Structures are given as structure tokens and as C-alpha cells.
Amino acid sequence: QVQLVESGGGLVQAGGSLTLACTASGFIFSNYGLGWFRQAPGKEREFVAAITWGRGDVVYTDSVKGRFTISRDNAKNTVSLQMNSLKPEDTGVYYCNAQDSSRTYWGQGTQVTVSS
């Protein structure tokens, strides 16, 4: 049974920090690229950050570059997203993602709310 479970969401004031974690089970985690996406009310889900299991290369959407850091813990099948200098526009449901050339898995999401 495939599972991706996010944790660490919550309410934080603008300028604050929050760290999200996603723990995976039920598939060969090391074979998949990993990522974080988010969805604000009334908007489509958007890409936030990604990391590979090989070299560990990372990529970020421009709006979070320099503020967010994606990382992995292969021994624990976990991918994390450290978020600093949070802004109200960062508010949304954050989802972790794992994919290869043929399959894509999604977690249930965790709510992040950044107040003014």
C-alpha cells in the first residue's frame, strides 16, 4: 500500500518559519524524484520545489527561491521542506509528490496558513 504522509503544517505569522516533512512507504522511494506542491483556494496546484534521489539536485519555483530549502533523508524515506521568511501568499495546502517515468504518488496535504 502506497502512502505519502505530510506533517508540520500550521499557522505562522509573516516572516516566520515552518518545516514540513513527508514520510513515504509502500514503494521503492529511492527510484523516484521527489517534490513539494501547493494549492491556494481558487487556484491550481503549483510546483514549489523538487529534489532527485541521485545527485540530490534541487530546483525551486522563483517565488520561493532563497527562502525555502528541500532536503531528503534516504534512510527514513523522508523529504522535507524548510520554509523561512514566510509571506501571506505562501498560504495553501502543501502536498508532497513522488514520481518516475510511469507513476505519480501524492500525499493528502497539510495546511499552511501565514497571517499578516
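Refer to the structure above for everything that follows.
Residues numbered from 1 in each chain as written. Predicted model: local features only at pLDDT ≥ 70, side-chain atom pairs only at ≥ 80, totals over all residues. Heavy atoms only, no water.

K.L.:
Sorry if this is basic, but what is going on with the overall build of the protein chain here?
P.N.:
Tallying secondary structure elements over the protein chain gives zero helices and eleven strands in all. Helices and strands appear in the protein chain in the N-to-C order β-β-β-β-β-β-β-β-β-β-β. Its C-alpha atoms give the protein chain a radius of gyration of 13 Å, within 12% of the compact-globule value 13 Å for 116 residues. Overall size of the protein chain, expressed as C-alpha extent along the three principal axes, is 40 × 25 × 25 Å. Per-residue burial for the protein chain yields a buried fraction of 38% across its 116 residues. Pairs at least 24 apart in sequence give 52% of the contacts found in the protein chain among residues at least 6 apart. Summed over its atoms, the accessible surface of the protein chain is roughly 6,300 Å², and 45% of this surface lies on carbon and sulfur atoms. Charge-centre separation for the protein chain: the mean point of 10 positive side chains lies 3 Å from the mean point of 9 negative side chains. (Helix = DSSP H or I, 4+ residues; strand = E, 2+ residues; numbered from the N terminus. Rg over C-alpha atoms; globule rule 2.2 N^0.38 Å. Buried < 20%, exposed > 50% of the residue type's maximum accessible area, 1.4 Å probe, protein only. Contact = heavy atoms within 4.5 Å. Areas by Shrake-Rupley, 256 points an atom, 1.4 Å probe, with all protein chains shown as cover. Lys, Arg positive; Asp, Glu negative; His and termini not counted. Charge placed at Lys NZ, Arg CZ, Asp CG, Glu CD.)

K.L.:
Help me understand the nonpolar core in this model?
P.N.:
Buried together is how nonpolar side chains tend to be arranged in soluble globular proteins. With 29 residues, the main nonpolar core has Leu4, Trp36, Leu81, Met83 and Tyr94 as its most contacted residues. At the level of elements, β3 (18-25), β4 (33-39), β5 (46-51), β7 (68-73), β8 (78-83), β9 (92-99) and β11 (110-115) are the ones that each hand at least two residues to this core. (Core = buried A, V, L, I, M, F, W, Y, C linked by side-chain atoms within 4.5 Å.)

K.L.:
Teacher, can you tell me more about the sheet that holds strand β1 (residues 3-7) here?
P.N.:
By way of backbone hydrogen bonds, the strands of a sheet pair with one another, either parallel or antiparallel. Read across the open sheet, the four strands follow the order β1-β3-β8-β7; overall the sheet is antiparallel. Two strands bound the open sheet, and with one partner strand each, they are β1 and β7. Taking the axes of each pair of neighbouring strands and ignoring which way they run, one obtains an average angle of 15° across the sheet. (Pairing = 2+ DSSP bridges. Axes fitted to C-alpha atoms, helices over the stretch in contact; angles between N-to-C directions.)

K.L.:
Just checking my understanding: could you explain the side chain of Thr110 for this structure?
P.N.:
Examined against the element boundaries, Thr110 turns out to sit in strand β11. Overall, the relative accessible area of 11% leaves Thr110 in the buried class. In this structure the side chain of Thr110 is engaged in a polar contact, spanning 3.3 Å, whose partner is the backbone nitrogen of Gly9. Contacts of Thr110, omitting those with residues within four sequence positions, involve Glu6, Gly8, Gly9, Leu20, Gly92, Val93 and Tyr94. (Polar contact = N/O pair within 3.5 Å; in protein donor to acceptor, adjacent residues only side chain to side chain.)

K.L.:
Would you take a moment to explain the pattern of salt bridges for this structure?
P.N.:
Opposite charge on two side chains lets them pair, provided their charged atoms get close. For the structure on display, the rule yields five salt bridges. Taking the shortest distance from any N to any O, the salt bridge between Arg38 and Asp90 comes out at 2.9 Å. Within this pair, whereas Arg38 is found in strand β4, its partner Asp90 is found in the loop between β8 and β9, the two being separated by 52 residues in sequence. Each member of the pair, Arg38 as well as Asp90, is classed as buried. Within the structure, one salt-bridge network assembled from shared partners comprises Arg38, Glu46, Arg67 and Asp90. (Salt bridge = Lys/Arg side-chain N within 4 Å of Asp/Glu carboxyl O.)

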